[in-house]
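# Overview (structure and organization)
What follows is each chain in one-letter form.
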Amino acid sequence: PFYWYINMKKIAFLLIVILVASCSKTKPDLIVKGNIKGLKKGTVYLSKALDSTYQVLDSMVLNGTSNYELKSSIDEPEVLFLSLDANSNKENYISFFANKGTTEINTTLKRFAFDYTVNGCEQQRKLEEFNTVAKKYNNKRLELIKQQFDALSEGNSIKADSIISEAEKNIKRKYLYTINFAINNKNSEVAPYLALSEIYDANITYLDTIYKVLPENIANSKYGKSLEIFIKERKETEATN
């Protein structure tokens, strides 16, 4: 009986080892991979926003290669960050919507945060669709800032005031575009994310309108819940002012 007891303990131990080994080989929910053209040495990080800081999910030291592959678990679609520390004090960040599966991000060392392309989830494609148009409003804003500066330099206050008026109209047009885009894409996590990231300071009525059209699954998502809390807090703040 004693030897039988010892053998049973050995078998149980082996079963535990096999179970732990099998769990450690579980495939990750998310794989982020790609190429950073021109990179010879540096560290690539995959991180997520956590309150006012960033939580590193995975990292990879590159030495003599420009290909990388990062892995992480992910519960639902959310915006993550790919960053690069190429032995310098400056870190470059690429934000993208991630979901379960594989996301491929290719870019260059010289223009890490500008030359990138992302091939990933449907939420990322929706975000890029939004950014394509939003970029035009942003470029217009920069153009108007330059024109205003030139007008002030020339001492032409009338022209400067006219440019300020045009800049305000440009901002309103971007806000309306964002609101309409969010409502038209209410079935995507991108809708509440844009409300929080692009028009958080808009009239509370617009934010409320976006939230109320969200289907249950999107309202219960990470950004849907965050939008609900944000609206509630803003209403309480505005009620006391």
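Worth saying up front: this structure is predicted, and the values here are computed from it rather than measured.

### Remarks on the sheet that holds strand E6 (residues 92–98)
- Taken together, the four strands give an open sheet; going across it, the order is E3-E2-E5-E6, and neighbouring strands pair in antiparallel fashion. Two strands bound the open sheet, and with one partner strand each, they are strand E3 (53–63) and E6. Averaged over all pairs of adjacent strands, the angle between their axes in this sheet comes to 25°, without regard to strand direction.
- Of the strand pairs in this sheet, strand E2 (residues 41–50) and strand E5 (residues 78–85) are connected by six bridges, and their pairing is antiparallel. Bridge pairing links Leu46 to Leu82 in E5.
- Contacts between helix H7 (residues 222–240) and the sheet are confined to E2, E5 and E6, with E5 contributing the most and set at about 105° to the helix.

### Considering the sheet that holds strand E8 (residues 117–119)
- Ordered in space as E4-E1-E7-E8, the four strands form an open sheet in which the pairing is mixed. Edge positions in the open sheet fall to strand E4 (67–72) and E8, since each of these has one partner strand only. Adjacent strand axes in the sheet meet at a mean angle of 15°, parallel and antiparallel pairs treated alike.
- Sheet topology note: the strand E1 (residues 30–37)/E4 ladder contains six bridges and is antiparallel. Opposite Lys33, over in E4, you have Glu69 as the bridge partner.

### Examining the pattern of salt bridges
- Counting across every chain of the model gives 13 salt bridges.
- Between Lys71 and Glu69 there is a salt bridge whose closest N-O contact spans 3.8 Å.
- By relative accessible area, Lys71 is classed as partly exposed at 40%.
- For Glu69, a relative accessible area of 36% gives the class partly exposed.
- A salt bridge links Lys140 to Glu143; its shortest N-O distance comes to 3.9 Å. Placement of the pair is Lys140 and Glu143 together in helix H2 (residues 122–153), with a separation of three residues, close to one helical turn.
- On the basis of relative accessibility, which here comes to 28%, the residue Lys140 falls in the partly exposed class.
- A network of salt bridges, in which partner residues are shared, links Lys48, Glu78 and Lys222.

### Side note on the packing of H2 against helix H4 (residues 190–197)
- The contact between H2 and H4 brings their axes to 10 Å, and the two run at 45°. When the axis of H2 is compared with that of H4, the two are oblique. The interaxial crossing formed by H2 with H4 has right-handed handedness. Side by side, H2 and H4 meet where Gln123, Lys126, Leu127 and Phe130 of the first sit next to Val190, Tyr193 and Leu194 of the second.
- Of the residues in the contact of H2 with H4, the class split is five nonpolar, one polar and one charged.

### Concerning the side chain of Glu78
- With respect to the helices and strands, the residue Glu78 is situated in strand E5.
- A polar side-chain atom of Glu78 sits 2.6 Å from a polar atom in the side chain of Lys222.
- The residues touching Glu78, leaving out its near neighbours within four places in the chain, are Lys48, Phe96, Phe97, Ala98, Lys222 and Tyr223.

### Notes on the packing of aromatic side chains
- Enumeration over the complete set of coordinates arrives at nine aromatic pairs.
- With a centroid separation of 5.9 Å and an interplanar angle of 75°, the aromatic rings of Phe97 and Tyr223 are classed as edge-to-face. Here Phe97 is found in strand E6, whereas its partner Tyr223 is found in helix H7, with 126 residues between them in sequence.
- Taking relative accessible area as the criterion, Phe97 reaches 0% and is therefore assigned buried.
- Overall, the relative accessible area of 10% leaves Tyr223 in the buried class.
- On the basis of an interplanar angle of 10° and a centroid distance of 5.4 Å, the ring pair of Phe130 and Tyr177 is categorised as stacked. Taken as a pair, Phe130 in helix H2 and Tyr177 in helix H3 (residues 157–184) lie far apart in primary sequence, 47 residues in all. You'll find Phe130 and Tyr177 in the same group, each marked buried.
- By the ring-pair criterion, three or more aromatic residues cluster together here, those being Phe130, Tyr137, Tyr177 and Phe181.

Parameters at a glance
As a convention, each chain's residues are numbered from 1 in the sequence order in which they are written. For a predicted model such as this one, the threshold for reporting local features is a pLDDT of at least 70, and the threshold for listing and counting side-chain atom pairs is 80 or more; totals across whole chains, interfaces and linings nevertheless cover every residue. The side-chain numbers reported here are obtained from all heavy atoms of the structure, hydrogens and water having been left aside. Here the rule is simple: two strands pair whenever DSSP picks up at least two bridges between them. In this description a helix means any DSSP run of H or I spanning at least four residues, a strand means any run of E spanning at least two, and both kinds are numbered starting from the N terminus. To obtain an axis, a line is fitted to C-alpha atoms, over the contacting stretch when the element is a helix, and the angle between two such axes runs from 0 to 180 degrees between their N-to-C directions. Any two residues having at least one pair of non-hydrogen atoms within 4.5 Å are treated as being in contact. Salt-bridge detection follows one rule: a side-chain nitrogen of Lys or Arg within 4 Å of a carboxyl oxygen of Asp or Glu. Note on exposure labels: buried denotes an accessible area under 20% of the residue type's maximum, exposed denotes more than 50%, and partly exposed covers the range between, all computed with a 1.4 Å probe on protein chains only. Working rule for angles: under 35 degrees goes down as roughly parallel, over 145 as roughly antiparallel, 65 to 115 as roughly perpendicular, anything else as oblique. Put simply, a crossing is left-handed when the front helix is turned counterclockwise from the back one by less than a right angle, and right-handed when it is turned clockwise. Note that Gly is not counted as nonpolar here; it falls among the polar residues with everything else outside the nonpolar set of Ala, Val, Leu, Ile, Met, Phe, Trp, Tyr, Cys and Pro and the charged set of Asp, Glu, Lys and Arg. Within 3.5 Å is the distance limit for a polar contact, defined as a pair of N or O atoms, with the added protein rule that one can donate a hydrogen and the other accept it, and that residues adjacent in sequence qualify only through two side-chain atoms. Think of it this way: a Phe, Tyr or Trp ring, Trp meaning its six-membered ring, pairs with another when their centres are within 6.5 Å, and the plane angle makes it stacked under 30 degrees, edge-to-face over 60, tilted otherwise.

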